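Chain and residue survey
The residues making up each chain are set out below.
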Amino acid sequence: GQPVFREEPQNLTVVVGAAARLQCAVEGLTGETVQWAKDGLLLGPDRSLPGFPRYSMAGRQTGGEYHLKIERASLEDESLFECQVGGSESSGPLVSPPVWLTVLVPPAQCLVMVDAADEPWMFGEEYTVTCLATDAKPAAQITVFRGGVEVTEFDSSEMSGSEDKLSNTEVTVRVVAESGDNGRQFQCVANSDALLTPLKTSFTMSVLFPPQPPVIEGMDSEEVKAGTTLQLLCTSRGGNPVATLHWTKNDELLSSSWEVDKQAVVARSSVTLTVKAEDNGAQLTCESTNPASPSPLLNTITLNVVFLPSEVHVAGSLSATEGKNITLSCSTTSSRPPVLIRWWLGARQLDASSVTVTEGSHGGMVTMSNLTHTVSREENGLPLICEAFNQAVRFSRTQSNPLRVYYPPQKVWIEAPPQGTKLRSGSTLHLVCFSSGGNPPGRLTWLKDNKSAREMQTAVQSEKGVSRELVLLLQPSDNQATYQKGVVHRGQGAFVGDRRVRAHMFFPAVSVKISVTPKEVRRGQTLTLDCVAGSSNPVANISWVMGGQKLQGVPRGQQGAEFGGVSVRSRLSLQVWSAHSGRKVSCQAYSPVLAEGVNTFHTLNVLYPPEFDPDQPREVQAVEGGMALLPVKVSANPNDISYNWTHRGHFLVKERAQRHRMQPGGALEIWNVTRADAGNYTIICNNAEGENRTILCLDILYAPTITHLAVRTEADLGQPAEIVCTANANPTNPDMFSWTWLGEEEGSLSEDTQQAVQGATGRLLLPEVQRSHSGQYRCQVDNGIAPPASADVWLIVRFKPEIHKGVQWSKVASRGDGSGTAEVVCQAEGVPRVQFDWAKNGKTLDLSDPRYSEQTVRDGALHTSRVMIVNVSAALDYALFTCTASNSLGQDTLDIQLLSTDRPDPPSGLKVIGVTHHSISLQWAPGFDGGLKQSFRVRYRRKDALSSQYVDVFPPQATSFTVTGLRSATSYNLSIIALNELGESRYTDHDAMLTTVTEGQCGAGGSKYLFLEGSEL
């Protein structure tokens, strides 16, 4: 039959990138081909549709399903599609109605573009905002929202997109900026059938707009009192940005600080102003502005200030004698309103004679009042007050001054010691003058001999009068002086009292002076000193003292002197020496009545040539290479001393001297001293009075040097030996020599050595030298001056040869078939040099035989002779070789048997050298090796064991070994054999065994071993 469509394709719309599926199902197929056509192009019958990677046919082929599936639909897929069934022999072709696949493309992006995008909008200005939706299919629809409200007035246009079939949509909106726009969203919304949710983009509108006019708070009344502190607050609301505020007073900046409440959008600025009188009429202005303000917003208040006068001044004298008139004037500074002036004397109001009012500063008025009043004694001290009352302020300002009425004192008198009282110089005399009554109290003064006296105390005033005390620290000049009082009164003038006081007093000498002759005195001359004691009452006694010792002077009489006293004289003659120079001679004038003295002194200046101090050093020591200081202790007067040093007749300190320098004071420095600098030095001292000299010995100390020590010292064995070491040093001492042996135990000397020191020579004595004494010795000399000296010497001990003997030296083995080589070795120690002679079977060895050669090697006292035999023959060479070693002191011999190679000889001397709880360490002496390389094997067995165990020694040629893996606290029998390639030796020491016990596990208990002869393991 004819195939039919069970399901025909339908028009389909998909979004770009989504999967599209065009349905096609056919019934009645009998092998016909089903395929799709796109815009007339057949896609092929293969269900995978090769050549179209995103296309395939889906569904069950057996069910006739040939649905076209398109993955990731794109614009190129937008076409007419047909589902076609090919014809067959029994049926014709079948084609579905063409269907359209529409591909929708959502807008690629939604953009918003704004004029001056980086700057805020200005209030009232127009701005253009453009919304753009790009590359959409079909063209997107754009909706605009301003602050959440849809904008209906705009210009919209469409244009081609970046590819064919794509479109751009553009919407342009013109916006006039308003304050309500600030902070709100301007949003563009792009809608499309290809979008599940619209595309949105937005920006926040920032609009600058002016603030509200400022408001001033804090003025409670129209008038303000001077001195009041105003606290004014200026507030400006709104605005973007919030307003900036500042205050001015009469157009001058008062404050430029403010604070902002961003949440309330309020700017506040406060100002605190203490109102003064000069602020009357002042204009306070608060100014508010921001960048959007066309001009600043102002709020101004004018201050209406009421104020008191700053001063009340009373002119005229407030003092008068009783019964006289005073004339006063009271005036004020400017006041607003003008004040009322009232006069008060105590609590009584006085009547003014006249009042005047004139214009003042700051809009105020000046008031003046005049007063005339007759004073009486009773009004003295009462306050006279001028009161200025301001009715507006309800407050007064006053000026108060006490009224002074003058009247004279009533009585004046003196208090003093009784007439004729004896006074003492240096004591205090009190004289008091009293005056009672009067206003003001009388001003008291003291007169001395009708002249004003210097007063120490001020006047003391009381209710009844005034007093003045004259306090005198009595001086000799006060003797016989007359004192009296004087009174000065403002109302009555000045007058002198009739009471007089005369002073009678004792006083010590007013001065003590010493004169000397001659003016210049030298050592050994006599000096005359005259002492004059000035006026004293009573007469003083003169005494002389020097260095605590009284000297006897000669009285020179007395005479009357000033202040009613007596002057006395005394003379002292003194022979002077250099020790007197600089000492003080005192003259004292002493009054027994006063028990008081006055003194002065004269410092002796004795001229003398240089004199050396008794402590002047005679010897100085210095270390070689260092600095020597030769001190000088000398005195002279005058002290201008010249110094000269000589050594061996030559003056030392010269210009540009390299090593000799003179210190201030004459001490001599010698730098880098050498032994040549030692000797006597003469110091010559000169001054204007003469010359003196003395000698210092310089001793140079230097480190030791060894001047004689033989390189080697020889001695015969058993004979005494002496090593002599001579040094040059300063100082020398018995302990400066020390000896060290440089042998294996460096530093130790044998107990039989002796040491002796004589001067700069040290000796090391060995009474009987032994071979152990030989070696290198060191002589060290240290006298305390660095560095110490040392030198080495060899002690050579001479002895006759001694040949090394033993099993390993007395046998040599080699094959005797003519192919082997043998080396016969003889080693001997001896001093001096050892000579070797060889014999074979008792006859001198013929070293001319080409098969024999000999070589001798010397290493110190050890000499080795080697006889090499090649092509060894048993018949010719197996023999007894005799080695004879000789020197000038004697000889020694050794027989050496040359044998055929054989098994080794057994080891000997097996002993235990260590035991632990699980191991035993052994040591032995190897036997002759049979001419071949040998090794060793240890045999051991527990005492209770039935069989032995064996272990080979490693390394093979070792002569000690530790057997491990043993039981603790167990007895073991041990023995050892030697092996070479020809066989084994017998066990150690004729098959003897060594028995020992291992330690306990904790280390408790020792080990015991026993050597048993002839036992078998």
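These numbers come from a predicted model, not from an experiment. (Residues numbered from 1 in each chain as written. Predicted model: local features only at pLDDT ≥ 70, side-chain atom pairs only at ≥ 80, totals over all residues. Heavy atoms only, no water.)

Describing the overall build of the chain
Using the following cut-off: Secondary structure elements are defined from DSSP: runs of H or I of at least 4 residues count as helices, runs of E of at least 2 residues count as strands, and each element is numbered from the N terminus. Each radius of gyration reported is based on C-alpha atoms, and the globular scaling rule is 2.2 Å times the count of residues to the power 0.38. Think of it in three bands: residues with accessible area under 20% of the maximum for their type are buried, residues over 50% are exposed, and the middle band is partly exposed, with areas taken using a 1.4 Å probe on protein chains only. We call two residues in contact when some of their heavy atoms are within 4.5 Å. Residue burial considers only the protein chains on display, and all accessible areas are found by Shrake-Rupley using a 1.4 Å probe.
Looking only at helices and strands, one finds three helices and 93 strands in the chain. A compact globule built from 1017 residues should have a C-alpha radius of gyration of about 31 Å, whereas the chain, at 71 Å, is more than 25% larger. Dimensions of the chain along its principal axes, counting C-alpha atoms only, are 180 × 170 × 70 Å. Burial analysis of the chain (1017 residues in total) assigns 40% to the buried set. Taking as baseline every contact in the chain between residues at least 6 positions apart, the subset at least 24 positions apart corresponds to 63%. Surface accessibility of the chain: about 53900 Å² in total, with carbon and sulfur atoms responsible for 48%.

Description of the sheet that holds strand E62 (residues 628–630)
Strand pairing within a sheet occurs via backbone hydrogen bonds; the two strands may be parallel or antiparallel. In plain terms, the rule: We treat two strands as partners when DSSP finds at least two bridges between them. In this analysis an axis means a line fitted to C-alpha atoms, helices contributing only their contacting stretch, and an angle means the value between N-to-C directions, from 0 to 180 degrees.
Here we have three strands laid out as an open sheet, ordered E62-E67-E66, and antiparallel in their pairing. Since the sheet does not close on itself, it has two edges, and those belong to E62 and strand E66 (660–662), each with one partner. This sheet shows a mean twist of 20 degrees between the axes of neighbouring strands, independent of strand direction. When E66 meets strand E67 (residues 668–670), the two strands line up antiparallel, connected through three bridges. Bridge pairing in E67 places Met 662 opposite Leu 668.

Here we look at the nonpolar core
Put simply, the test is: The criterion is simple. A nonpolar core is a set of buried Ala, Val, Leu, Ile, Met, Phe, Trp, Tyr and Cys residues joined through side-chain atoms within 4.5 Å.
Phe 5, Trp 36, Tyr 55, Leu 68, Ile 70 and Phe 81 are the most contacted members of the largest nonpolar core, which has 26 residues in total. Among the elements of the structure, strand E3 (20–22), strand E5 (34–38), strand E7 (55–58), strand E8 (67–70), strand E9 (80–85) and strand E11 (99–104) are those that each provide at least two residues to this core. If we ignore the near neighbours within four places in the chain, the residues touching Leu 68 are Ala 20, Arg 21, Leu 22, Trp 36, Leu 43, Leu 49, Tyr 55, Ser 56 and Phe 81.

So, the state of the cysteines
Note the threshold: Pairs of cysteine sulfur atoms within 2.5 Å are identified as disulfides in what follows.
Considering all chains together, one arrives at seven disulfides under this definition. Each sulfur of the disulfide joining Cys 826 and Cys 883 lies 2.1 Å from the other. With the S-S dihedral at roughly -80 degrees, the linkage between Cys 826 and Cys 883 falls on the left-handed side. Residue Cys 826 is located in strand E78 (residues 821–831), and its partner Cys 883 is located in strand E83 (residues 880–887); the two are separated by 57 residues in the primary sequence. You can call Cys 826 buried: its relative accessible area is 0%.

Some points on the pairing of strand E37 (residues 354–359)
Note: E37 against strand E38 (residues 365–374), six bridges, orientation antiparallel. When the sheet's bridge partners are listed, Val 355 is paired in E38 with Ser 369. In textbook terms, the turn of a hairpin is the stretch between consecutive antiparallel strands, and for E37 and E38 this stretch comprises five residues, one of which, His 362, has a positive phi near 60 degrees.

A few points about a nonpolar patch on the surface
Spelled out, the test is: Only residues whose relative accessible area exceeds 30% and that form no salt bridge enter a patch; like-charged residues are grouped when within 9 Å of one another, and nonpolar side chains (Val, Leu, Ile, Met, Phe, Trp, Tyr) when within 5 Å. Here a salt bridge means any side-chain nitrogen of Lys or Arg lying within 4 Å of a carboxyl oxygen belonging to Asp or Glu.
A cluster of nonpolar side chains, Met 627, Leu 629 and Trp 671, forms an exposed patch at the surface whose accessible area comes to about 240 Å². Take Trp 671: it is sitting in the loop between E67 and strand E68 (679–687).

Details of the sheet that holds strand E36 (residues 348–350)
Taking strand neighbours across the sheet as the criterion, the four strands line up as E36-E35-E39-E40 in an open arrangement whose pairing is antiparallel. The open sheet has two free edges, formed respectively by E36 and strand E40 (395–402), since each of these has just one partner strand. Direction aside, the axes of adjacent strands within the sheet are offset by 30 degrees on average. Two strands pair when backbone bridges link them, and strand E35 (residues 340–345) and E36 are joined in this way by three bridges, in the antiparallel orientation. Directly across from Leu 345, in E36, lies its bridge partner Arg 348.

Some details on the side chain of Ser 919
Condition: By the criterion applied in these results, polar contacts are pairs of N or O atoms within 3.5 Å in which, for protein atoms, one can donate a hydrogen and the other can accept it, and in which residues neighboring in sequence qualify only through two side-chain atoms.
Structurally, Ser 919 can be placed in the loop between strand E85 (908–915) and strand E86 (920–925). A polar contact of 2.6 Å, which involves the side chain of Ser 919, links it to the side chain of Thr 916. Other than its neighbours up to four places away in sequence, Ser 919 contacts Gly 914, Thr 962, Val 963, Thr 964, Leu 966 and Thr 998.

Brief notes about unusual backbone geometry
With an omega dihedral of 10 degrees, the bond running from Asn 637 to Pro 638 counts as a cis peptide bond. Following Val 831, the chain continues into Pro 832 via a peptide bond in cis, with omega recorded as 5 degrees. By the secondary structure assignment, Pro 832 is in the loop between E78 and strand E79 (835–840). Positive phi values are uncommon outside glycine, yet Asp 39 reaches one of about 50 degrees. Residue position: Asp 39 is located in the loop between E5 and strand E6 (41–42). Positive phi outside glycine occurs at Lys 165, with the angle close to 80 degrees. Considering the arrangement of structural elements, one finds Lys 165 in the loop between strand E17 (155–160) and strand E18 (167–176).

Structural notes on the pattern of salt bridges
Scanning the model with the defined rule gives 35 salt bridges in all. Arg 522 is the salt-bridge partner of Glu 689, the closest N and O atoms lying 2.9 Å from each other. Of this pair, Glu 689 sits in the loop between E68 and strand E69 (690–708) while Arg 522 is found in strand E52 (residues 521–522), placing the two residues 167 residues apart along the sequence. Overall, Glu 689 belongs to the partly exposed group, its relative accessible area being 23%. Of the charged contacts, one joins Asp 817 and Arg 815 as a salt bridge, the two residues approaching to 2.8 Å between their closest N and O atoms. On the accessibility criterion, Asp 817 (47% relative accessible area) is partly exposed.

Concerning the packing of aromatic side chains
Rule in force here: A pair of Phe, Tyr and Trp rings is counted when the ring centres sit within 6.5 Å of each other, with Trp represented by its six-membered ring. The angle between the planes then sorts it: under 30 degrees is stacked, over 60 is edge-to-face, the rest tilted.
In the structure shown here, the tally under the stated rule is six aromatic pairs. Ring geometry for Tyr 940 versus Tyr 972: centroids 6.4 Å apart, planes at 55 degrees, classification tilted. Here Tyr 940 is found in strand E87 (residues 935–942), whereas its partner Tyr 972 is found in strand E90 (residues 971–980), with 32 residues between them in sequence. For Tyr 940, a relative accessible area of 11% translates into the label buried. We classify Tyr 972 as buried; its relative accessible area is 3%.

Quick notes on the environment of Pro 408
Of note, Pro 408 is situated in strand E41 (residues 404–415). C-alpha separation for the pair Pro 408 and Gly 437, spaced 29 residues apart in sequence, amounts to 7.2 Å.

Digging into the pairing of strand E47 (residues 465–473)
Here E47 lies mainly inside the structure; seven of its nine residues are buried. As paired elements, strand E43 (residues 428–439) and E47 share nine bridges and run antiparallel to each other. Pairing of Val 432 across the sheet is with Glu 469, part of E47.

Section: the confidence of the model for the chain
Definition in use: The quantity known as pLDDT measures the predictor's confidence residue by residue, on a range of 0 to 100.
Residues with a pLDDT of 70 or more make up 94% of the chain, whose mean pLDDT is 87. Note on residues 1003–1017: pLDDT under 50 across the span, and 33 contacts to partners over four residues away in sequence or across chains.

With respect to the environment of His 313
With respect to the helices and strands, His 313 occurs in strand E32 (residues 312–315). For the pair His 313 and Ser 947, spaced 634 residues apart in the sequence, the C-alpha separation amounts to 145 Å. If sequence neighbours within four positions are ignored, His 313 has contacts with Ser 329, Cys 330 and Ser 331.

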